[in-house]
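Residue-level structural notes
One-letter residues, chain by chain:
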Amino acid sequence: MSQESTVPGEVVETETTEVPEPGAVTIVVPTFNESANVRQLLRQITEAVPARLPCEVLFVDDSTDDTPEVIEKAAQDCPFPVTVLHREEPAGGLGGAVVEGLKAATSDWIVVMDGDCQHPPSLVPDLVATGERANAGLVVASRYIKGGSRAGLAGSYRVLVSRGATWLTKALFPRRLHGISDPMSGFFAIRRSAVTAEVLQPLGYKILLELAVRSRPRRVTEVPFVFQDRFAGESKSTAQEGFRFLRHLAGLRTASPAARMVGFGLIGLTGFLPNLVGLWALTAAGMHYVPAEILANQLGVAWNFLLIEHLLFRERRRHRRWWDRAGRFTLLANADLVLRIPLIALFVHQLHLGVLSATALALVTTFVLRFAGTEALVYLPRRGREKPAHDGRTARRAV
């Protein structure tokens, strides 16, 4: 069916997973309280895109204001289909909203852009045309190649944060981000066939980084763009989003078993600090050093558990309840202490190692066993009982 078969202004309530009549491109716009911007954004899209490229617009909305109603009214003047997919449970933040849009889109090309008018819709046809000419799966609109500019970033602080985040991500993922000068960009085009939305696990709003690391298409190209001033409202870049971004980076970097093992070891080393502080406090209070060490060790265990929960196994926490995970992790951590002494004795008497060598070997052995046990017994999904990450409760309106 062609785009013209959709009747402008007709409102249809539906609970299906379908979106309106597909065009050559689906423009996915994640929104959170952008009611002051969406009318201007739809006006810009109307002026720049349909004459050059048939399109549909899909808003994935997490708003707590009247953004869905404003979109519905503004869409009545649009010559293309507009859909609002409102999420009652905004899992994954704006990045999660983009993933919902990727799943719902039906066009061959999907363009992701922000709802604050800082990404110029006039570039949408060029993104798709560049992808077709280069036979690329991903086309990134970059502020950091010739012809691009980050002029719309408000203030030197945001410029510094943006450049620092770009440098950090490229340093952590040099191979995956090779050829992508602006991994922090929220403006890009991707072939629907080049992405498997189910493997994505976004946290926050940097969805391009997630796409590039977990399911990067084989061929990537870039086009320059000038980052515009925000039309209305305030930026969603807060300190909280910054912490979520760092957690997301840690999760991406430790996605492989080898990287997780390294991260597990580094977190274990940091656990010595609360352990020593607890031991000092308890012995200073007059407790004997043996029970004090046992209790202080639990502080280190709790510290390690909190860090691995948020940095290493965030996406696997849904497989068990938190008290089940905490109890299993605590048992494994304390079993490490119980097992270490017999292992040292075994290495000394059976392998004839020195005490220091036997202790070092026992530490390595129990560390590997504890890491394997943590993965298998604490965070591995139980057979036949894996829960979905999100129940997908959404309300869809085709406008």
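Each chain carries its own residue numbering, running from 1 in the direction its sequence is written. Local features are withheld for residues below a pLDDT of 70 in this predicted model, meaning they are given only at 70 or higher, and side-chain atom pairs are given and counted only at 80 or more; totals for whole chains, interfaces and linings count all residues. Side-chain figures throughout are based on the complete set of non-hydrogen atoms in the structure, without hydrogens or water.

**A short note on the packing of helix 10 (residues 289-311) against helix 11 (residues 322-350)**
- Packing of helix 10 against helix 11 brings their axes to within 10 Å, and their N-to-C directions diverge by 130°. Viewed along their axes, helix 10 and helix 11 adopt a mutual orientation that is oblique. As for the relative orientation of helix 10 and helix 11, their crossing is right-handed in sense. Residues Asn297, Gln298, Val301, Asn304, Phe305, Ile308 and Glu309 of helix 10 lie in contact with helix 11, whose contacting residues are Trp322, Arg325, Ala326, Phe329, Thr330, Ala333, Asn334 and Leu337.
- Residue polarity follows a fixed list, in which Ala, Val, Leu, Ile, Met, Phe, Trp, Tyr, Cys and Pro are nonpolar, Asp, Glu, Lys and Arg are charged, and the others, Gly among them, are polar. Class assignment for the residues of the contact of helix 10 with helix 11 results in eight nonpolar, five polar and two charged. An axis is simply a line fitted to the C-alpha atoms; with a helix, the fit covers only the stretch in contact. Between two such axes, the angle follows the N-to-C directions and lies from 0 to 180 degrees. Strands are runs of DSSP state E lasting at least 2 residues, helices are runs of H or I lasting at least 4, and numbering of each runs from the N terminus. An angle below 35 degrees is read as roughly parallel, one above 145 as roughly antiparallel, one from 65 to 115 as roughly perpendicular, and any other as oblique. Take the far helix as the reference: if the near one is turned anticlockwise from it by less than a right angle, the crossing is left-handed, and if turned clockwise, right-handed. Here, two residues are considered to be in contact whenever any of their heavy atoms come within 4.5 Å of each other.

**Considering the packing of aromatic side chains**
- Note on aromatic contacts: the rings of Phe and Tyr and the six-membered ring of Trp form a pair at centre separations within 6.5 Å, being stacked when their planes are under 30 degrees apart, edge-to-face when over 60 apart, and tilted otherwise. If you walk through the whole model with that rule in mind, you get three aromatic pairs.
- With a centroid separation of 5.6 Å and an interplanar angle of 45°, the aromatic rings of phenylalanine 305 and phenylalanine 329 are classed as tilted. Pair noted here: phenylalanine 305 is in helix 10 and phenylalanine 329 is in helix 11, with a separation of 24 residues, a long-range link.
- Charge-over-ring contacts are defined here by two conditions on Lys NZ or Arg CZ: a distance within 6 Å of the ring centre and an angle within 35 degrees of the ring normal. Positioned over the ring face of phenylalanine 227 is arginine 143, at 5.3 Å from the centre of the ring.

**Quick word on the side chain of threonine 67**
- Inspection of the secondary structure assignment puts threonine 67 in helix 2 (residues 67-74).
- In this structure the side chain of threonine 67 is engaged in a polar contact, spanning 2.6 Å, whose partner is the side chain of aspartate 65.
- Once residues lying within four places of it in the same chain are set aside, the contact partners of threonine 67 are Thr31, Asn33, Glu34, Ser35, Val38 and Asp61. Whenever two N or O atoms come within 3.5 Å, that pair is a polar contact, provided that in protein one can donate a hydrogen and the other can accept it, and provided that, for residues adjacent in sequence, both atoms are side-chain atoms.

**Comments concerning the environment of leucine 127**
- Topologically, leucine 127 is positioned in helix 4 (residues 124-134).
- Taking relative accessible area as the criterion, leucine 127 reaches 0% and is therefore assigned buried.
- A sequence separation of 96 residues divides leucine 127 from valine 223, and the C-alpha atoms of the two residues are 7.0 Å apart.
- When residues no more than four places from it in sequence are discounted, the contact partners of leucine 127 are Val111, Val139, Val140, Ala141, Phe187, Phe188, Ala189 and Val223. Each residue's exposure class comes from its accessible area (1.4 Å probe, protein chains only) as a fraction of the maximum for that residue type: buried when under 20%, exposed when over 50%, partly exposed otherwise.

**Details of the nonpolar core**
- One finds Val57, Phe59, Val82, Leu127 and Phe187 to be the most contacted residues of the largest nonpolar core, which totals 37 residues.
- Broken down by secondary-structure element, the contributors of at least two residues to this core are strand 2 (25-31), helix 1 (38-48), strand 3 (55-61), helix 2, strand 4 (82-87), strand 5 (109-112), helix 4 and strand 6 (138-142).
- Here this core takes five residues from helix 1, the largest share from any one element.
- Residue contacts for phenylalanine 187: discarding those within four places in its chain leaves Val111, Val112, Met113, His119, Pro120, Leu123, Val124, Leu127, Val140, Ala141 and Phe225. For our purposes a nonpolar core is just a set of buried Ala, Val, Leu, Ile, Met, Phe, Trp, Tyr and Cys residues, chained together by side-chain atoms within 4.5 Å.

**Examining unusual backbone geometry**
- For asparagine 33, which is not a glycine, the phi torsion comes out positive at approximately 55°.
- With respect to the helices and strands, the residue asparagine 33 is situated in the loop between strand 2 and helix 1.
- Here the phi dihedral of cysteine 117 falls at roughly 70°; this positive angle occurs in a residue that is not glycine.
- Among the structural elements, cysteine 117 can be located in the loop between strand 5 and helix 4.

**Brief notes about the pattern of salt bridges**
- Here, a salt bridge means any side-chain nitrogen of Lys or Arg that lies within 4 Å of a carboxyl oxygen of Asp or Glu. Tallied over the entire structure, the rule returns six salt bridges.
- Between aspartate 126 and arginine 52 there is a salt bridge; the shortest N-O distance is 2.8 Å. With aspartate 126 in helix 4 and arginine 52 in the loop between helix 1 and strand 3, the pair connects residues that are 74 residues apart, well separated along the chain.
- Residue classification places aspartate 126 among the partly exposed positions, given a relative accessible area of 30%.
- Ionic pairing is found between arginine 87 and aspartate 62, a salt bridge with its closest N-O pair at 2.8 Å. Placement of arginine 87 in strand 4 and of aspartate 62 in the loop between strand 3 and helix 2 is noted, with a sequence separation of 25 residues between them. The pair arginine 87 / aspartate 62 is uniform in exposure class, with both members buried.

Everything listed here is a matter of geometry and, on its own, says nothing about what the molecule does.
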